[in-house]
Amino acid sequence: MALRQIRLNDDPILRKKSREVPEVTDEVRTILEDMAETMYHTENGGGLAACQVGILRRLVVIDMGTGLIKLVNPRIVKQSGTQICMEGCLSFPNVWGKTVRPKKVVVEALDENGEPAVIHGSGDMAKCLCHEIDHLDGIVFTDLMIQE
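Note that residues are indexed from 1 along each chain, following the sequence as it is written. With pLDDT at 70 or above as the cut-off, local features in this predicted model cover only qualifying residues; side-chain atom pairs require 80 or more to be listed or tallied, and sums for whole chains, interfaces and linings still use all residues. Values shown for side chains rest on all heavy atoms present in the structure; no hydrogens or waters enter the calculation.

1. Here's the deal with the sheet that holds strand β6 (residues 104–110)
Okay, step 1: Paired strands, as defined in this entry, are two strands with at least two bridges between them according to DSSP. By definition, any uninterrupted DSSP run of H or I lasting at least four residues is a helix, any uninterrupted run of E lasting at least two residues is a strand, and each is numbered from the N terminus. The strand order β1-β2-β3-β6-β7 describes an open sheet built from five strands, whose pairing is antiparallel. What marks the edges here is a single partner per strand, and that holds for β1 (47–49) and β7 (116–122). Strand-to-strand twist of the sheet, defined as the mean angle between neighbouring strand axes without regard to direction, takes the value 40°.
Okay, step 2: Looking at chain direction, strand β2 (residues 59–62) and strand β3 (residues 69–80) are connected through four bridges and run antiparallel. Paired with Val60 across the strands is Leu71, a residue of β3. In this analysis, axes come from line fits to C-alpha atoms, helices being fitted only over the stretch in contact, and the angle between any two N-to-C directions falls in the range 0 to 180 degrees.

As structure tokens, this is what we get:
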């Protein structure tokens, strides 16, 4: 495992759309492990998308305090409700803002073994899933910030 450099602020890679992962291989598993290690070695890290470490692949790691989740090609297949969230991002240190996110989401993906996975998220987990999946499409939370 290795720590990866987190891309910051106006790095153009944060605005690019990530590519689907055609097959979950040992290389993909290594990237996911490196992403998790990188996330755990940062302050306030609850999730990390591969583009944030310079890799344009549809990979996400999340740990909102209930254990590490590794997702390959995640996509939101259902959402309901709305919530106003306070968000930050490892790629935008010391920047915080309010966003409107779904209150609940259902995400389909593959796990690190290439097996289908379904994640049900509500509250902060829904916010985190949306935030990280947005990264995969070149969307950063500052694009979505609202004024109250």
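Past the structure itself, the notes keep going.
2. Let's talk about the packing of aromatic side chains
Okay, step 1: Whether two aromatic rings pair depends on their centres lying within 6.5 Å, for rings of Phe, Tyr and Trp, where Trp uses its six-membered ring; planes under 30 degrees apart make the pair stacked, over 60 edge-to-face, and the rest tilted. In the structure shown here, the tally under the stated rule is one aromatic pair.
Okay, step 2: Ring geometry for Phe92 against Phe141: centres 6.1 Å apart, planes inclined by 85°, an arrangement best described as edge-to-face. Separated by 49 residues along the polypeptide, Phe92 in strand β5 (residues 92–101) and Phe141 in the segment after α2 (124–136) bring together distant segments of the chain.
Okay, step 3: Judged by relative accessible area, which is 9%, Phe92 ranks as buried. To sort residues, take the accessible area from a 1.4 Å probe on protein chains only and compare it with the maximum for the residue type: under 20% means buried, over 50% means exposed, and anything in between is partly exposed.

3. Some thoughts on the pairing of β6
Okay, step 1: With six bridges joining them, β3 and β6 adopt antiparallel strand pairing. Paired with Ser80 across the two strands is Lys104, which belongs to β6.
Okay, step 2: Bridge count between β6 and β7: seven bridges; the pairing is antiparallel. When the bridges of β7 are listed, Lys104 appears paired with Ser122.
Okay, step 3: The antiparallel pairing of β6 with β7 creates a hairpin that spans five residues between the two strands, and Gly114 there sits at a positive phi of about 85°.

4. Structural notes on the pattern of salt bridges
Okay, step 1: Salt bridge, as used here: a side-chain nitrogen of Lys or Arg that lies within 4 Å of a carboxyl oxygen of Asp or Glu. Within this structure, the stated rule accounts for twelve salt bridges.
Okay, step 2: We note a salt bridge from Lys17 to Asp137, for which the minimum N-O separation is 3.6 Å. On the criterion of sequence distance, the pair formed by Lys17 in the segment before α1 (26–40) and Asp137 in the segment after α2 is long-range, its members being 120 residues apart.
Okay, step 3: Accessibility expressed as a relative area gives 59% for Lys17, which makes it exposed.
Okay, step 4: In this structure Asp137 comes out as partly exposed when scored by relative accessible area, which is 30%.
Okay, step 5: For Arg58, the salt bridge identified is with Glu20, shortest N-O distance 3.7 Å.

5. Section: unusual backbone geometry
Okay, step 1: With phi around 45°, Asn9 is a residue other than glycine that occupies positive phi space.
Okay, step 2: Of note, Asn9 is situated in the segment before α1.
Okay, step 3: Judged by its relative accessible area of 41%, Asn9 is partly exposed.
Okay, step 4: The backbone of Asn94 sits at a positive phi, close to 65°, despite the residue not being glycine.
Okay, step 5: Positionally, Asn94 belongs in strand β5.

6. Details of the pairing of strand β4 (residues 83–89)
Okay, step 1: Of the two faces of β4, only the one carrying Gln83, Cys85, Glu87 and Cys89 is buried; Ile84, Met86 and Gly88 on the other face are not.
Okay, step 2: Remark: two residues form the turn of the hairpin made by β4 and β5, two consecutive strands paired antiparallel.

Shape descriptors only; they carry no functional weight alone.
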